[in-house]
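Close look at the chain arrangement
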Amino acid sequence: MKFHIAINLERLDPAINMVDVRDHTIEMVQMADKAGFEVAWAAEHHALEMTIAPNPFSLMTWWADHTKNIRVGAGVANAAYWHPIKLAGEAALVDLLSGGRMDFGVGSGAYQREFDRMFPGLEQKDSWQYMQEMLPLVQKLWKGDVEHDGQFWKFPKATSCPKPMQKDVPIWVAARSPITFDYAVENNCNIMSWPLTLPFSEAKKYRDMLDDSKARLNPEYDGAFAMMRHTVVYDNDDDRHATLAAVRQILARFGNLMMKSGDVVDGYPDPVPLETLEGNYRVDPQMLEENLILGSPDQVIEKLRKYEGLGVDAFIYYASMGLDMERQKQSLRLFIDEVMPAFAQKEIANAN
């Protein structure tokens, strides 16, 4: 099982210096690069301080310029917010500037609040249609001239400038529903999945959807199956308590965005009162500790073995989640020093 990292420029309080956030983020990516992580993923979100990522390709270019080996990925660009020619060119430019280290991820977006501002009138639940028209079109633009007369975009003959350095750019689709698993399998795309804060059974459900899609549509499918989970490794009770408090606070804001149940002021979502979340298995501390990749190094290794057994090819370490910057770095150090070697040893043993 390979390891990836997903990290955001994240600020939950205007008193936090944005330069410190910037410097922390690149330091985390550089740590992952030196440790042998395969990909660093940048998101796309708009008008939110908790995920500052108005253009994932800008972040990817920045990361690539400050690292040596780690690949940089869009995890993911929201197809509905882009014109195909612009998206193809932006992504190809990252590939050129990074020396061929770009992974291209596209998806359907998350928050209706963003659609209400970026694409008024479009319901998030319908945005998958834009992704399915966008992805093959970008791939055609990377090869040469294309004239397009589709459902959502129409343009005369054009091509992507520049073209990607890589002959075959790794393509990723964010998938959580049968229709997106079917699309990824039919088109031999890699799959990025995220069970949010739900139990391991949700991850298993995604594996079952993948296996069903393969059996029905493409038995020869050989794409990678990646699973993202919020991850914090700690070795004392103070850090454990701080982690659970941070996760619950960020979920209170996340719940606002998902349910449109509060205001967002200057980019900061109002938290849903924690007392209204008690008893909800998505935020109950005991369930969070069980469902997410939180714990001591030994506990995290044990949890990751379950994902490895499920057939997860790449585990995406989702950093931050409201935790202070020093604890984020300490967690990543523990993961690198005490968790990753357990899986490297297994790979060596299998090779022999």
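Glancing now at the pattern of salt bridges. Across all of its chains, the model carries 17 salt bridges by this definition. The salt bridge involving Arg22 is made with Asp23; its shortest N-O contact spans 2.9 Å. Linking Arg216 and Asp212 is a salt bridge whose minimum nitrogen-to-oxygen distance equals 2.8 Å. Taken together, the residues Arg216 and Asp212, both in helix H7 (residues 200-217) and 4 residues apart, mark about one turn of the helix. Since its relative accessible area comes to 38%, Asp212 is described here as partly exposed.

Turning our attention to the nonpolar core. Within the largest apolar cluster, 86 residues are counted, with the highest numbers of intra-cluster contacts made by Phe37, Phe57, Phe104, Trp142, Leu304 and Phe335. Excluding residues that lie within four positions of it along the chain, Phe57 makes contacts with Ala74, Ala77, Trp82, Leu87, Glu90, Ala91, Val94 and Phe104. One finds Leu244, Leu257, Val264 and Met321 within the second-largest nonpolar core, a separate group that totals 20 residues.

A separate point is empty space enclosed by the protein. Summed over all chains, the structure comprises 2 cavities of 30 Å³ or more. In this model, the largest cavity occupies a volume close to 40 Å³. Contributing to the lining of the largest cavity are Val232, Val233, Tyr234, Asp239, Thr243, Leu323, Arg327, Gln330 and Ser331. Only strand S10 (225-233), helix H8 (237-259) and helix H11 (325-351) provide two or more residues apiece to the lining of the largest cavity. Broken down by element, the residue count for the lining of the largest cavity peaks at 3 residues, all from H11. Of the residues contributing to the lining of the largest cavity, the split by class is 4 nonpolar, 3 polar and 2 charged. Considered as a void within the structure, the second largest cavity measures approximately 30 Å³ in volume. In this structure, the second largest cavity is lined by Met28, Thr231, Val232, Tyr317, Ala319, Ser320, Leu323, Gln328 and Ser331. At the level of elements, S10 and H11 are the ones that each hand at least two residues to the lining of the second largest cavity. Of the residues in the lining of the second largest cavity, the class split is 5 nonpolar, 4 polar and no charged.

For the structure on display, the rule yields 20 aromatic pairs. Ring geometry for Phe181 and Tyr206: centres 6.2 Å apart, planes at 40 degrees, overall tilted. Here Tyr206 lies in helix H7 and Phe181 lies in helix H6 (residues 178-186), a separation of 25 residues in the sequence. Among the residues examined, Phe181 registers a relative accessible area of 0% and is labelled buried. The class for Tyr206 is buried, based on a relative accessible area of 0%. These aromatic residues form a ring-pair network of at least three members: Phe3, Phe37, Tyr317, Phe335 and Phe343. Arg305 extends its terminal NZ or CZ atom over the ring of Phe343, reaching a point 4.3 Å from the ring centre. A cation over an aromatic ring shows up here: Lys306 above the ring of Phe200, its NZ or CZ 4.4 Å from the ring centre.

What counts, and at which threshold
- Residues numbered from 1 in each chain as written.
- Predicted model: local features only at pLDDT ≥ 70, side-chain atom pairs only at ≥ 80, totals over all residues.
- Heavy atoms only, no water.
- Salt bridge = Lys/Arg side-chain N within 4 Å of Asp/Glu carboxyl O.
- Helix = DSSP H or I, 4+ residues; strand = E, 2+ residues; numbered from the N terminus.
- Buried < 20%, exposed > 50% of the residue type's maximum accessible area, 1.4 Å probe, protein only.
- Core = buried A, V, L, I, M, F, W, Y, C linked by side-chain atoms within 4.5 Å.
- Contact = heavy atoms within 4.5 Å.
- 1 Å grid on protein atoms, 1.4 Å probe; cavity = no way out; pocket = protein on both sides within 12 Å on 5 of 7 lines; lining within 4 Å.
- Points joined across faces, edges and corners; volume = space filled by probe spheres on them.
- Nonpolar A, V, L, I, M, F, W, Y, C, P; charged D, E, K, R; others polar.
- Phe/Tyr/Trp six-rings, centres within 6.5 Å; stacked < 30°, edge-to-face > 60°.
- Lys NZ or Arg CZ within 6 Å of the ring centre and 35° of its normal.

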